[in-house]
Amino acid sequence: MSGRKRHLLVDTTGLLLAVHVHPADVADRDGAQTLLAPLGARFPRLAHLWVDAAYQGHCATWITETLGWAVEVVRKARRWVRWPADSEPPPLPSGFQVLPRRWVVERTFAWLGRYRRLSKDYEALPATEEAWIYLAMSRLMVARLAS
């Protein structure tokens, strides 16, 4: 069975707004465009996206120009930078660094990983996996409403 990639659009609390599952041979930026293209009218109040470094460049420009949303690319701190010889370089980052806003979507992936059906690539069709993701997030939201 071939691998797949999941693209999630989540709100600031990590709850799912939209999902798109596609084969692993499709580039991240193309998968993101497929996910986001029909959502401009569906989420009129959406104004800002935090995206991974895989979506920088053409994809971020496309989002800004086509959908009118501000895009902020979350990058890891650079370990190697050029610095003038006559000044002191900044300290190198060491160990684990929390990337701003990145943890929100990573937490959502962790929530989905709790569901056995989503923990591995069991589904034959991407649409079936999308349906399971929506089902799992619906269950999570109902449980939060009940508590």
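Everything numeric here is computed off the predicted structure, so don't read it as measured data.

Caption draft 1: Just the nonpolar core, in detail. One finds Leu-9, Leu-36, Leu-39, Leu-49, Ile-63 and Trp-69 to be the most contacted residues of the largest nonpolar core, which totals 17 residues. For this core, the elements supplying multiple residues, two or more each, are helix H1 (28–36), strand S3 (48–52) and helix H2 (58–67). When residues in this core are grouped by element, the largest group, 4 residues, is from H2. With residues up to four places along the chain from it excluded, the contact list for Leu-9 reads Leu-15, Leu-16, Leu-17, Ala-18, Leu-35, Leu-36, Leu-39, Phe-43, Leu-46 and Leu-49. Of all hydrophobic cores here, the second largest spans 15 residues; its members include Val-10, Val-104, Val-105 and Met-137.

Caption draft 2: Fine view of helix H5 (residues 126–146). Over its 21 residues, H5 extends 30 Å from the first C-alpha to the last, a length consistent with the 30 Å expected when each residue adds 1.5 Å. Within the span of H5, buried status applies to Glu-129, Glu-130, Ile-133, Ala-136, Met-137 and Leu-140. Down the axis of H5, the buried set is contained in an arc of 125°. They therefore lie on one face. Turned more than 90 degrees away from the buried face of H5, the exposed residues are Ala-127, Arg-139, Val-142, Leu-145 and Ala-146. In this fold, the buried residues of H5 make contact with strand S1 (4–10), strand S2 (16–23), helix H3 (102–113) and helix H4 (116–119).

Caption draft 3: Representation of the pattern of salt bridges in the model. Across all of its chains, the model carries 6 salt bridges by this definition. For Glu-129, the salt bridge is made with Arg-6, and the minimal N-O distance between the two is 2.6 Å. In this pair, Glu-129 sits in helix H5 while Arg-6 sits in strand S1, placing the two residues 123 residues apart along the sequence.

Caption draft 4: Region of interest: the layout of surface pockets. Taken as a whole, the largest pocket holds about 780 Å³ of empty space. Taken together, 32 residues form the lining of the largest pocket, with Leu-8, Trp-50, Val-51, Tyr-55 and Val-105 sitting closest to its centre. Listing elements by their share of the lining of the largest pocket, those giving two or more residues are S1, H1, S3, H2 and H3. The leading source of residues in the lining of the largest pocket is S1, at 7 residues.

Reading the values: the criteria
Residues numbered from 1 in each chain as written. Predicted model: local features only at pLDDT ≥ 70, side-chain atom pairs only at ≥ 80, totals over all residues. Heavy atoms only, no water. Core = buried A, V, L, I, M, F, W, Y, C linked by side-chain atoms within 4.5 Å. Buried < 20%, exposed > 50% of the residue type's maximum accessible area, 1.4 Å probe, protein only. Helix = DSSP H or I, 4+ residues; strand = E, 2+ residues; numbered from the N terminus. Contact = heavy atoms within 4.5 Å. Expected span 1.5 Å × (residues − 1). Arc of directions from axis to C-beta. Salt bridge = Lys/Arg side-chain N within 4 Å of Asp/Glu carboxyl O. 1 Å grid on protein atoms, 1.4 Å probe; cavity = no way out; pocket = protein on both sides within 12 Å on 5 of 7 lines; lining within 4 Å. Points joined across faces, edges and corners; volume = space filled by probe spheres on them.

All we've got here are geometric facts, nothing functional implied.
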